[in-house]
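# Geometric and topological summary
Chain by chain, the residues:
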Number of protein chains: 2
Amino acid sequence: MEAPLHERVAADLRARILSGALAVGAAVPSEAELCTRWRGSRGPVRQALATLRAEGLISGGRGKRPTVQRRELAPPFDSFVSFSRWAAMLGLPPGQHTVEIARRKATAELAAHLDIEPGEPVVQLLRQRLLGGEPVMVERTTFVRSWGSLLFDHDPDDGSIYEHLIGQGLQVGVARHSIDAVPADAHDRDLLGVAIGDPLLREVRIAYTKAGDAFEFSDDRYRPDRVTFTIDNAPEGRPLFGRTWHATVRPRPERSI
Amino acid sequence: MEAPLHERVAADLRARILSGALAVGAAVPSEAELCTRWRGSRGPVRQALATLRAEGLISGGRGKRPTVQRRELAPPFDSFVSFSRWAAMLGLPPGQHTVEIARRKATAELAAHLDIEPGEPVVQLLRQRLLGGEPVMVERTTFVRSWGSLLFDHDPDDGSIYEHLIGQGLQVGVARHSIDAVPADAHDRDLLGVAIGDPLLREVRIAYTKAGDAFEFSDDRYRPDRVTFTIDNAPEGRPLFGRTWHATVRPRPERSI
DNA sequence: GAACCATACTTGTCATGACAAGTCCGCGGC
DNA sequence: GCCGCGGACTTGTCATGACAAGTATGGTTC
């Protein structure tokens, strides 16, 4: 059974835009042309175009054909929750050294974030994360027991924890990230090569399953000379998709000789 | 001339959701009911519902009525570029002390950000920003001359600079925000009551006019104990509107006695 | 009481047709 | 050469109709 017409039309145009066959600034085929080409009516064609507008790929149009606005889609969701996916998207080899993985009892603070009882066992990891061979982040992650226990037969230095858990049936729902600034502590000094007290960019993340249960709490501290978070946004009348964010690697400052 | 039917249906349902008349979890009226109520056909009614889905207010539905998912919309764009608007949204009185407003020649770095020639005059402000009477941010803002010169006959401690410029014809296009962490300097110490070297959460913003010209570069440093940035996101299959960000005021830590 | 089936109600998808409103271009008149 | 107008093409909006597919409920049978 093939996909609905409006999905096929949208997919075809999207592929042509992302590949550059339809360049930024080029006019999109008219609704009439698309109806002829796909042997359909304006309804599904208009729905396909509405989808591309919503994705921010095309815009404009009343009285004239819409034009291609941008060539890339917003970064995928999993690049925000999986360091490995993010690194892959940047084209930099990710790396990690697991300093420890431990089963502990949840503190009251952690329990509050994960909506479990204080004292309930959780699985905690402390890891150094690298990009292109350089440490850029210290990750303090806590998983609830049901998912964390699956990590003990998994080598956390081998591939992505997220991919492993998804392979074990995890269905990720939404994630919430809070960004603030903290002074480096002793672990950070040891793992990032900074001085105690130096400012670090911290992302605190709580991730939920599709069913709405929190399964992961993470405190990730980045070297701010290497990583920033960037957000682009636009006023209301424009597509909300103008509102995107992504984490950026700063160019490595050149060594003065 | 009244608005199109699909806009009126969407506005009515949105108002009922935001007011709580349609509570989170409640079923939305069926398409047939809405057709009867508005004396229209399924086309515009479905378009109205699609808009509300896209805004993340309702979801679900095939074979049954959709349900209300959330009660609030994403923060408006201008709350990201105007401190006054952001404070208003939080219900906290904003305040500001302008330390200086000066005409200077752009440094090479600034010129690069604003796409002007180094040495070209710009207007710079250094301001302390307050929420509820407390300093939370130091703002170092640079405007290109054409817009910045309009500020000299405006009291920057009186109302919002953005509102003033928009009143003078400014049309804001997109804005880009980069978040990182920096150590406090002497100005920050004086204006925020922190120690030199303390970590501050910094947002660097470049704002563009509708025509695509950069008009503002700003370096805003927040006390991370008072302000964090929060991003919620969701996987692809879900509406991209799940991807929202906003700046949050932390609850003021209670004074221990 | 449980299971199954049919019916009713729901949304998703599509076609056809019509008219309003915007944009662009060519042609004629001044 | 310029300006205005009309025609052609475009998208926006809406109506009517039809059928596919999903969900819930009530009634009947075991």
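Remember, predicted model here, so these are calculated numbers, not experimental data. (Residues numbered from 1 in each chain as written. Chains lettered and ligands numbered in written order. Predicted model: local features only at pLDDT ≥ 70, side-chain atom pairs only at ≥ 80, totals over all residues.)

## Points about the overall build of chain A
Counting secondary structure elements, chain A contains nine helices and ten strands. Expressed as a percentage of its 257 residues, the buried residues of chain A come to 33%. Restricting to contacts in chain A with at least 6 residues of sequence separation, those with at least 24 account for 54%. (Helix = DSSP H or I, 4+ residues; strand = E, 2+ residues; numbered from the N terminus. Buried ≥ 20, exposed ≤ 12 C-beta atoms within 10 Å, placed from the backbone. Contact = placed C-beta atoms within 7 Å.)

## Digging into the pairing of strand E4 (residues 121–131) of chain A
All names here are of chain A. Here strand E3 (residues 94–105) runs beside E4; their pairing, made up of eleven bridges, is antiparallel. From the neighbouring strand, isoleucine 101 faces E4, where its bridge partner is leucine 125. As paired elements, E4 and strand E5 (residues 134–144) share ten bridges and run antiparallel to each other. Note on E5: the bridge partner recorded for valine 122 is valine 144. What sits between E4 and E5 in their antiparallel hairpin is a turn of two residues, with glycine 132 showing a positive phi close to 55 degrees. (Pairing = 2+ DSSP bridges.)

## Brief notes about the protein's contact with DNA strand D
Near DNA strand D you find 21 residues, and of these Glu31 of chain A together with Pro4, Leu5, Ser41 and Gly63 of chain B are the closest. Elements that contribute at least two residues to the surface near DNA strand D include exactly helix H2 (31–38) of chain A together with helix H1 (5–19) and helix H3 (42–54) of chain B. Split into classes, the residues belonging to the surface near DNA strand D amount to four nonpolar, eight polar and nine charged. (Near = placed C-beta within 6 Å. Nonpolar A, V, L, I, M, F, W, Y, C, P; charged D, E, K, R; others polar.)

## A short note on the nonpolar core
Leu201 and Tyr222 of chain A together with Leu201 and Tyr222 of chain B are the most contacted members of the largest nonpolar core, which has 38 residues in total. Setting aside residues up to four positions removed in sequence, tyrosine 222 of chain B forms contacts with Val136, Met137, Leu200, Leu201 and Val227 of chain B. (Core = buried A, V, L, I, M, F, W, Y, C linked by C-beta atoms within 7 Å.)

## So, the protein's contact with DNA strand C
The local shell around DNA strand C holds 21 residues, among which Pro4, Leu5, Ser41 and Gly63 of chain A together with Glu31 of chain B are the closest. Among the elements of the structure, helix H1 (5–19) and helix H3 (42–54) of chain A together with helix H2 (31–38) of chain B are those that each provide at least two residues to the surface near DNA strand C. Of the residues in the surface near DNA strand C, the class split is four nonpolar, eight polar and nine charged.

## With respect to H1 of chain A
Residue and element names in this part refer to chain A. Given a rise of 1.5 Å per residue, 15 residues ought to cover 21 Å, and the 21 Å separating the end C-alpha atoms of H1 matches this to within 8%. Among the residues making up H1, those that are buried are Val9, Ala10, Leu13 and Ile17. Along the axis of H1, the buried positions cluster into a sector of 95 degrees, meaning they face one direction only. The exposed residues of H1 that point more than 90 degrees off its buried face are Ala15 and Ser19. Just beyond H1, the residue with positive phi is glycine 20, at close to 90 degrees. (Expected span 1.5 Å × (residues − 1). Arc of directions from axis to C-beta.)

## Some thoughts on the pairing of strand E9 (residues 227–233) of chain A
Counting buried positions along E9 of chain A yields five of seven residues, so the element is predominantly enclosed. Strand direction decides the pairing type here: E9 of chain A and strand E6 (residues 172–183) of chain B, joined by five bridges, are antiparallel. Residue pairing in the sheet places phenylalanine 229 of chain A in a bridge with isoleucine 179 of chain B of E6 of chain B.

## Focus on the packing of H2 of chain B against H3 of chain B
All names here are of chain B. Put simply, H2 and H3 touch, their axes get as near as 9 Å, and they point 115 degrees apart. The hand of the H2/H3 crossing is right-handed. Counted together, Glu31, Leu34, Cys35 and Trp38 of H2 and Arg42, Val45 and Arg46 of H3 form the full contact between these two elements. (Axes fitted to C-alpha atoms, helices over the stretch in contact; angles between N-to-C directions. Left-handed = near helix turned anticlockwise from the far one by under 90°.)

## With respect to H3 of chain B
Residues and elements named next belong to chain B. Taking 1.5 Å of rise per residue, the 13 residues of H3 would be expected to cover 18 Å, and the 18 Å separating its terminal C-alpha atoms lies within 8% of that figure. Restricting attention to buried positions, one finds in H3 the residues Val45, Ala48, Leu49 and Leu52. Down the axis of H3, the buried set is contained in an arc of 95 degrees. They therefore lie on one face. Packing partners of the buried residues in H3 comprise H1, H2 and strand E1 (58–59). Positive phi shows up at glycine 56, right after H3, with a value of about 80 degrees.

## Things to note about the domain arrangement of chain A
Segmenting chain A into domains produces domain 1 (5–68) and domain 2 (78–232 + 240–247). Distance between the C-alpha centres of domain 1 of chain A and domain 2 of chain A: 39 Å. (Domains from an automatic or database assignment.)

## A word on the confidence of the model for chain A
A low pLDDT score tells you not to read the predicted coordinates there in detail. Residues and elements named next belong to chain A. Model confidence for chain A is summarised by a mean pLDDT of 84, while 88% of its residues fall at 70 or above. Contacts for the low-pLDDT stretch residues 236–243, under 50 throughout, to residues beyond four places or in other chains number 19 contacts. Across residues 253–257, confidence stays below pLDDT 50; counting only partners more than four residues off in sequence or on other chains, it has one contact. Interface predicted TM-score (ipTM) for the complex: 0.71; the corresponding pTM is 0.76. (pLDDT = per-residue confidence, 0-100.)

## Description of unusual backbone geometry
The backbone phi angle of arginine 39 of chain A is positive, close to 55 degrees, even though this residue is not glycine. For arginine 39 of chain A, a count of 7 C-beta atoms within 10 Å translates into the label exposed. One non-glycine residue, aspartate 115 of chain B, lies in positive phi territory at about 60 degrees. Mapped onto the elements of the fold, aspartate 115 of chain B is located in the loop between helix H6 (108–114) and strand E4 (121–131). For aspartate 115 of chain B, a count of 12 C-beta atoms within 10 Å gives the class exposed.

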